[in-house]
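# Structural features, examined
One-letter residues, chain by chain:
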There are 2 protein chains.
Amino acid sequence: MDAKPYIAQRPKRADGRRNYDAILAAARKAFEASGADASLEDIASQAGVAIGTLYRHFPTRAALVEAATRDGLENLVAHAERLTAGPDPLDALTAWMREAVVHFSTFRGLVGILAQSMYDEGTPSHAMCSAMHRSGADLLRAAQAAGRVRPDLTPEELFDLLSGAAWVREQAASGRDGSTRFLQLVLEGITTRDD
Amino acid sequence: MDAKPYIAQRPKRADGRRNYDAILAAARKAFEASGADASLEDIASQAGVAIGTLYRHFPTRAALVEAATRDGLENLVAHAERLTAGPDPLDALTAWMREAVVHFSTFRGLVGILAQSMYDEGTPSHAMCSAMHRSGADLLRAAQAAGRVRPDLTPEELFDLLSGAAWVREQAASGRDGSTRFLQLVLEGITTRDD
DNA sequence: AATTTAAGCTGAGGCACCCTCAGGATGTCA
DNA sequence: TGACATCCTGAGGGTGCCTCAGCTTAAATT
C-alpha cells in the first residue's frame, strides 16, 4: 500500500561509507560505459567489494541508479530556480530544457527509468522526478504567462517532448546526434507565432 | 567487411516450415506481452520446439524481431505508395506518420531496434528501415514541394521526431498515452505558418 | 583495555537466460 | 527403398541476478 521507495543513504560506520562511495563511483563509470543495465557484479568487483555488499547498500538496481544520478538532477532543479529569476521566461525555459536533455541522457537507459519514475511513486527516482516536474512546470507557466509558449501545452506534454529528445540523443550515442536539432524543432513548434 | 545481415527465410522442408511458423507466432505473442527482450527459451517451448530449433531458424534475436515485424512494416511502405497518389500531400504525410508511430511501437523495445537499424547496415531490419526511410522522404518532399511543411526539415529529422513519438507511446503502455498529442504538437510545429 | 553489540562483509549457491554443438531423426528425391 | 541433405534435440558451459547463513569489525560501553 504505502510502497515506500528505498532511497540509499550514506551508512554510519566508516568502512560502510568507504564501500558505499566506492560502489557509487564504480557504478557511475560502468553506467556511462555500458548503460543502465551494466553488470552489478562487475560494479561490485570494480569497487573491490563482494556482491552482497553492493546489495546491502543498494537493494535494487533502481536504487543504485537513483543514487548515481541524484547530484546531477539536484543541480538541474537548482538551476531552474536560478533561471526563474532571469528576465526572459522563454529563454529560461529553453535553456533549462537543453540542460535537462543532457542530464536525462547521461547514460543509455536513464531516460526510460526517469520516464517510468515520473508517474510511478514507489520508485526510488520518483521524488527527484517530481521535483523536476515542478521546476519544469514553473518555467513553462512563466513562459506561457508571458505569451511566448502556446497556452494549451501541459507540463506532462512538455516532459514527453523532453524525454523524446533525450531518448533520441541516447540512441545516437555513437555518431550523429539529432537531439539538438530535435529540441530546436520542438521549441520552435511550441512557441507562439508572432515572429 | 561485407557484414551481410541474416534475413530469415522460410525453410524448404515441411517440418521446417511448420516450426518456423510456430516460432514466429509464439514470438509475436511473447514480444507483445513482454517486449523485445522476451525469453527466447519461453518462445521456443511455447512453439513446441527445442531451443536449438529456434536458433536454427533465427540465429539472433534481431533476426527474429525482423521476421516478426516484417509484414507490418511492409504494409506501412505499401500504404505510403498509395498515399502518394492522394490529393493533399500534408494529409498524406500526417496520416502516414500516425500509422508509422503505431507500427513502431508494436511492442516495447521495437523503436530502439528500428532506430538502430536505420543507419546500421548489417542489421536484419536495415533493409526494411531503408524502405521506410525512402517512403517517408518521398512524402516529406511532396509536402514540402506543396509548401505545407518547413523546407529545412530533413528526412533524418523526420524520423527522429517519429521515433521520439513512438518511444513515448511505448513508455506509456500502461495508462496515459501521450503519443497522439506528442505527434500533434510535432506536426503543428513543422507545418508552415499560414493558417 | 576488555567487552559487547550492532553494523557490515563475504561468497557459495540456486535460479533464469543465452547460445552452441555433437549426435540422432526425418522429409524428400531418385 | 535407399541415400542424403535438412532439420531437430537438449545437455552443457557461460553470464548475470539475488539471497542468506556465518563471519568480521567499528564503535560504543564499562
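Check the entry above for the structure.
Anyway, here's the lowdown on the structure attached to this text.

Rules of the game
- Residues numbered from 1 in each chain as written.
- Chains lettered and ligands numbered in written order.
- Predicted model: local features only at pLDDT ≥ 70, side-chain atom pairs only at ≥ 80, totals over all residues.
- Helix = DSSP H or I, 4+ residues; strand = E, 2+ residues; numbered from the N terminus.
- Buried ≥ 20, exposed ≤ 12 C-beta atoms within 10 Å, placed from the backbone.
- Near = placed C-beta within 6 Å.
- Nonpolar A, V, L, I, M, F, W, Y, C, P; charged D, E, K, R; others polar.
- Least-squares fit on C-alpha atoms with pLDDT ≥ 70 in both.
- Contact = placed C-beta atoms within 7 Å.
- Expected span 1.5 Å × (residues − 1).
- Axes fitted to C-alpha atoms, helices over the stretch in contact; angles between N-to-C directions.
- Left-handed = near helix turned anticlockwise from the far one by under 90°.
- Core = buried A, V, L, I, M, F, W, Y, C linked by C-beta atoms within 7 Å.

Along the backbone of chain A there are nine helices and zero strands. Its helices and strands in sequence order give chain A the pattern α-α-α-α-α-α-α-α-α, from N to C terminus. With respect to the three principal axes, the spread of C-alpha positions in chain A is 60 × 40 × 30 Å. Put simply, chain A has 195 residues, and 41% of those count as buried.

A word on the protein's contact with DNA strand D. Taken together, 22 residues lie near DNA strand D, and Gly-52 of chain A together with Pro-11, Gly-16, Asn-19 and Gly-52 of chain B sit nearest. Ranked by residue count, the leading element in the surface near DNA strand D is helix H3 (residues 51–57) of chain B, at four residues. Each residue belonging to the surface near DNA strand D can be placed in one class, and the counts come to eight nonpolar, six polar and eight charged.

Once that is clear, we can look at the relation of the copies chain B and chain A. For the match of chain B to chain A, the screw axis carries a shift of 0.0 Å, the RMSD comes to 0.1 Å, and the turn is 180°. The two molecules are tied by a two-fold rotation axis, judged by turn and shift. Taking C-alpha positions as the reference, the residue of chain B nearest the rotation axis is Gly-189 of chain B, at 1.7 Å. Most of the interface of chain B is mirrored in chain A, where 100% of its interface residues again form contacts.

Surrounding DNA strand C, one finds 22 residues, the nearest of these being Pro-11, Gly-16, Asn-19 and Gly-52 of chain A together with Gly-52 of chain B. When residues of the surface near DNA strand C are traced back to their parent elements, those giving at least two are helix H1 (14–34) and helix H3 (51–57) of chain A together with helix H1 (14–34), helix H2 (40–46) and H3 of chain B. Of all the elements, H3 of chain A adds the most residues to the surface near DNA strand C, at four residues. The class makeup of the residues in the surface near DNA strand C is eight nonpolar, six polar and eight charged.

This paragraph deals with helix H8 (residues 155–171) of chain A. Turn by turn, an α-helix covers 3.6 residues, leaving residues three or four places apart pointing in a common direction. The terminal C-alpha atoms of H8 of chain A lie 24 Å apart, and with 17 residues this matches the ideal 24 Å at 1.5 Å per residue to within 8%. Within H8 of chain A, 14 of the 17 residues are buried, leaving the element largely enclosed by the surrounding structure.

Another aspect to go through is the packing of helix H5 (residues 89–104) of chain B against helix H7 (residues 126–145) of chain B. All names here are of chain B. The interhelical angle for the contact between H5 and H7, taken along N-to-C directions, is 150°, at an axis separation of 8 Å. Classified by chirality, the crossing of H7 by H5 is left-handed. The segment H5 lies against H7, with Pro-89, Leu-90, Ala-92, Leu-93 and Trp-96 engaging Leu-139, Leu-140, Ala-142 and Ala-143.

The subject of this paragraph is the nonpolar core. Counting 112 residues, the largest nonpolar core has Leu-162 of chain A together with Leu-162 of chain B as the members making the most contacts within it. Discounting chain neighbours no more than four positions away, the residues touching Leu-162 of chain A are Met-97, Ala-100, Val-101 and Phe-104 of chain A.

Turning our eyes to something else, we now look at the interface of chain B and chain A. Taken together, the contacts link 21 residues of chain B with 21 residues of chain A. Contributions of two or more residues to the side of chain B that touches chain A are made by helix H6 (110–119), helix H8 (155–171) and helix H9 (179–190) of chain B. For the side of chain B that touches chain A, the leading source of residues is H8 of chain B, giving ten residues. In terms of residue class, the side of chain B that touches chain A is built from nine nonpolar, six polar and six charged.

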